[in-house]
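# Architecture at a glance
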Amino acid sequence: MGFCNTPFKTEDICSQCGFEGEVTCIADDQFYCDECLDEYFVQCDECEQYYAAEDMKEYDGQWLCDCCAEELGVCDEDEEEYEEE
């Protein structure tokens, strides 16, 4: 899945639920309404890209993707992983 340079809002159809209206583009041809975006994805606090919630980790109160965590040198396996509520 290719990422948009920066996630952006647009008028389109949600790729998850089919909602028609304002959605966020997070990857090429991947558009999500606010509800689906909040339910299935987390935005990396460092690079600002969206990733699947189960792939994100929390470090000192920040959500980081694997790439940013590695770049920042905080790849500690003991850190708390994100869990969907």
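Going by the structure above, here's the rest.
In short, a report on the structure. Here the structure is a predicted model, which means the values were calculated and not measured.

## A look at the pattern of salt bridges
According to the stated counting rule, one finds 2 salt bridges in the structure shown. One salt bridge in this structure joins Lys9 and Asp34, with 2.5 Å as the shortest N-O distance. Of the two residues, Lys9 is situated in strand 1 (residues 3–13) and Asp34 in helix 1 (residues 34–40); the sequence distance between them amounts to 25 residues. Here Asp34 falls in the partly exposed class, since its relative accessible area comes to 39%.

## Overview of unusual backbone geometry
One non-glycine residue with positive phi stands out, namely Asp29, at about 60°. With respect to the helices, strands and loops of the structure, Asp29 is situated in the loop between strand 2 (20–27) and strand 3 (30–32). Overall, Asp29 belongs to the exposed group, its relative accessible area being 64%. Positive phi is not limited to glycine here, since Asp60 has a value of about 50°. Among the residues examined, Asp60 registers a relative accessible area of 79% and is labelled exposed.

## Looking at the packing of aromatic side chains
Within the structure shown, the criterion is met by 1 aromatic pair. Centroid distance Tyr32 to Phe41: 4.7 Å. Interplanar angle 55°. Geometry classified as tilted. Here Tyr32 matches Phe41 in class, with each residue buried.

## Considerations on the state of the cysteines
Enumeration over the complete set of coordinates arrives at 0 disulfides. Summary of cysteine pairing: Cys14 is not part of a disulfide, and the nearest cysteine sulfur, belonging to Cys17, is at 3.8 Å. With relative accessibility at 3%, the residue Cys14 sits in the buried group. No disulfide involves Cys47; its sulfur sits 3.7 Å from the nearest other cysteine sulfur, which is in Cys44. Judged by its relative accessible area of 30%, Cys47 falls in the partly exposed class.

## Considerations on a negative patch on the surface
A surface patch of like charges, here negative, comprises Glu11, Asp12, Glu20, Glu22, Asp28 and Asp29. For the negative patch, the secondary structure elements donating two or more residues are strand 1 and strand 2. With respect to the helices and strands, Asp12 occurs in strand 1. Overall, Asp12 belongs to the partly exposed group, its relative accessible area being 32%.

Scoring rules and cut-offs
- Residues numbered from 1 in each chain as written.
- Predicted model: local features only at pLDDT ≥ 70, side-chain atom pairs only at ≥ 80, totals over all residues.
- Heavy atoms only, no water.
- Salt bridge = Lys/Arg side-chain N within 4 Å of Asp/Glu carboxyl O.
- Helix = DSSP H or I, 4+ residues; strand = E, 2+ residues; numbered from the N terminus.
- Buried < 20%, exposed > 50% of the residue type's maximum accessible area, 1.4 Å probe, protein only.
- Phe/Tyr/Trp six-rings, centres within 6.5 Å; stacked < 30°, edge-to-face > 60°.
- Disulfide = S-S within 2.5 Å.
- Patch = residues over 30% accessible without salt bridge, like charges linked within 9 Å, V, L, I, M, F, W, Y side chains within 5 Å.
- Areas by Shrake-Rupley, 256 points an atom, 1.4 Å probe, with all protein chains shown as cover.
- Lys, Arg positive; Asp, Glu negative; His and termini not counted.
- Charge placed at Lys NZ, Arg CZ, Asp CG, Glu CD.

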